[in-house]
Amino acid sequence: MRRLALLCCLASAAAAETVYLNDLDLAPMRQGWGTPQLNRSIREQPLSLGGKVFDKGVGSHARSELWLQLDGQTERFQAVIGIDDNANGAGSVVYQVWADGKRIYDSGVIKTGEPAKEMDVDLRGARQVLMLINDAGDGINFDHGDYCDARFTYTGAPPKPIVGPDEEPVILTPKPGPAPRLNNVKRYGCRPGHPFLYRIPCQGDRPLRFSADGLPAGIQLDPGTGILSGTVPAKGEYRVVLHAENAAGKAERPFTIVAGDTLAPTPPMGWNDWYAHYDNVTDALMRQAADLMLSNGMADVGYAYVDIDDCWMTAEHHRDPQRQGPTRAADGTLLPNQHFPDMKALADYVHGRGLKAGLYTSPGPTTCAGFAGAWQHEAQDARTFADWGFDLLKYDWCSYGGVAGGNDLAAMQKPYRLMGELLKQQARDIQLNLCQYGMGNVWEWGAEVGGQSWRTAGDLGGELSRLFEVALHNCEHRAWNGPGAWNDPDYILVGNTGPAANPRPFGLTPNESYSFMSLWCLMASPLFYSGDMGSLDAFTLNVLCNPEVIELDQDPLGQCAAPAVLNAETFLLVKDLEDGSKAVGLFNRGEFPAEVTAPWAAIGVQGRRMVRDLWRGRELGVMEGSYTARVARHGVVLVKVAEAGP
Ligand code: GLA
């Protein structure tokens, strides 16, 4: 008793403190346009409401979401709210606060030009709180919502911004069984007469023994490693059947080699170092990634390219002297920096594991990070990349704008047309990835200038809070997506970003990670992981490596899903598959769990259908008319809807 009484006195003695919203770490705060502005409006002007200017506060924009961990220690939130006087257009917003799933504050509609409103919310007892500035039903244009003079009263720990409410990182992907499961692409493209290399992706206990029926003359299979190599002598379609066997069982799967002009009949898969290593990338880190791709199972579900991004050449200025030096040898050959002592040996190392090697440059004088580009050395560089043995080139616009000599479509296409042509002349298959952020509707002409894939937008790294919007935007170009021609909405950014010495989470919740991978696979996007391979945890690896989900991405039809039943918070993505079934993603971009329905009419099927949950690898049963699922905040339920059988 005495002890309790003492604690009581101590607690009441602790003085309530005040912290301003603008003094919290608002990195997890998300909004529909721009980034939260401290002590100024979203237009980067002084915060101003109803003619009054405020020194302190946060300028935001609908839809604005801030999750806070309070743990019952925050008592009150007070602010002056409204649409900033400098919005310069008619907007309308609603402010809401939700505490532990219940709405505890609603401002009603606030329109541009209305007097500022005092917001005063009792937060006593709340554990996790969501502060929202919502669009009031007329779209988010000019919805420049401010929190002025915004402050919390708390005792103990101050409120802590978090990425979302607690979520368990539940692994849904079933563990691979001991028996072999072949995960090879059904169609593989190559040019006849060129070196051929394909490591058959296969899960199951080792040792495995591989064999194949119908291989074209000139292609050998290593039965122990499952690596196919050699040269396909002539154009044509070779219908091969692959077999894998171990002590626990056997598997077979068709594999059609299409020797002709189409590279990448299914979206390329691999890893790119950019978001892991930036300008710290080294030969050793690339080799380590190739080793990890084999040892962590990624290669067994189809990841194959090991791509060096920017910063492997020399730069005029760099903090690391080993990245400085002469750009080119006396004969003009491009020189790697000292962290890449032997590019050919690196490519050989990757090939030795049955994987493929990619690299990066810019058509401009310098790359985006200031390293030497290919400007005026294009033919020589294309030859060098082929001599070294690389299999993919990412060609990043960067400084090219300064030398393009025009900004019409022809000028925009010119460097890519040139490199596309040069790569075709090499004696090996080199895929071309156009990186120019979608300029000039690149999806309409990327294939024609020789590309197999093209970025449809800017860098995804800064856009992760708008993942669903980025994906829906990418879907707008779905008509141009198909075998040999892939819209590229950028890398898969789940798990940790670099630098590898200090990996930090990208900041996506578990459900967002599932949504990310589901979106990319439904869109038939190139699947390049770009997080830190060295710190992959079991959850992230399972998000990356679900063979049934990847199979959607690699479906030979190559169709990008179409949005359907699109509401403010939920939507469907529907994709036709080669076998006549449909893949459907039921997405919830709202802040709370929601029921999402996929009506048969919206997905283009009728009658009784078998529904299979692809993440869990489980039949959900035969349904008629529609399928409804409860979908987590920012989450997905991904299903295949197929013939129900007799
Ligand atoms: C651009 C590209 C990125 C990356 C960097 C490297 O920003 O869009 O993907 O390649 O350059 O500097």
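Along each chain, the written sequence defines residue order, and numbers are assigned to residues from 1. Local features in a predicted model are, by the rule used here, given only for residues with pLDDT of at least 70; side-chain atom pairs are given and counted only at 80 or more, and totals for whole chains, interfaces and linings are based on all residues. The side-chain quantities take in all heavy atoms of the structure and omit both hydrogens and water.

**Some words on the packing of aromatic side chains**
In this scheme Phe, Tyr and Trp rings, the latter by its six-membered ring, pair at centre separations within 6.5 Å, and the angle between planes marks the pair as stacked below 30 degrees, edge-to-face above 60, and tilted otherwise. With the rule as written, the count across this model stands at 27 aromatic pairs. Residues Phe468 and Phe587 carry aromatic rings whose centres are separated by 6.2 Å and whose planes lie at 70 degrees to one another, so their mutual orientation is edge-to-face. Taken together, the positions of Phe468 in helix H7 (residues 467-475) and Phe587 in strand E35 (residues 582-588) put the pair 119 residues apart, joining distant regions of the chain. In terms of burial, Phe468 and Phe587 fall into one category: buried. A centroid spacing of 4.4 Å and a plane angle of 50 degrees characterise the contact between Phe516 and Trp520, whose relative ring orientation is tilted. Placement of the pair is Phe516 and Trp520 together in helix H8 (residues 510-522), with a separation of 4 residues, close to one helical turn. As far as burial versus exposure is concerned, Phe516 and Trp520 are alike and both buried. Put simply, the rings of Phe77, Tyr95, Tyr147 and Phe152 pair up and form one aromatic cluster. If you follow Lys56 out to its NZ or CZ, it ends over the ring of Tyr20, 4.0 Å from the centre. Note on criteria: charge over ring means Lys NZ or Arg CZ within 6 Å of the ring centre, with the direction from the centre no more than 35 degrees off the ring normal. We note Arg353 situated over the ring of Tyr349; from NZ or CZ to the ring centre the distance is 3.7 Å. In this description a helix means any DSSP run of H or I spanning at least four residues, a strand means any run of E spanning at least two, and both kinds are numbered starting from the N terminus. Think of it in three bands: with a 1.4 Å probe and only protein chains considered, a residue is buried below 20% of the maximum accessible area for its type, exposed above 50%, and partly exposed in between.

**Some words on the state of the cysteines**
Defined by distance alone, a disulfide is two cysteine sulfur atoms within 2.5 Å. Following the criterion strictly, the structure yields 1 disulfide and no others. Across the disulfide, Cys368 is cross-linked to Cys398 (sulfur-sulfur distance 1.9 Å). Since a negative S-S torsion denotes a left-handed disulfide, the Cys368-Cys398 link at about -95 degrees is left-handed. Remark: Cys398 occurs in the loop between strand E26 (392-396) and helix H6 (409-425) and Cys368 occurs in the loop between strand E25 (356-361) and helix H5 (378-388); sequence separation between them is 30 residues. On the basis of relative accessible area, Cys368 is assigned to the partly exposed category, the value being 48%. Residue class for Cys398 comes out buried when judged on its relative accessible area of 18%. For the unlinked cysteine Cys435, the closest cysteine sulfur is that of Cys368, found at 6.6 Å. Owing to a relative accessible area of 1%, Cys435 belongs among the buried residues under this scheme.

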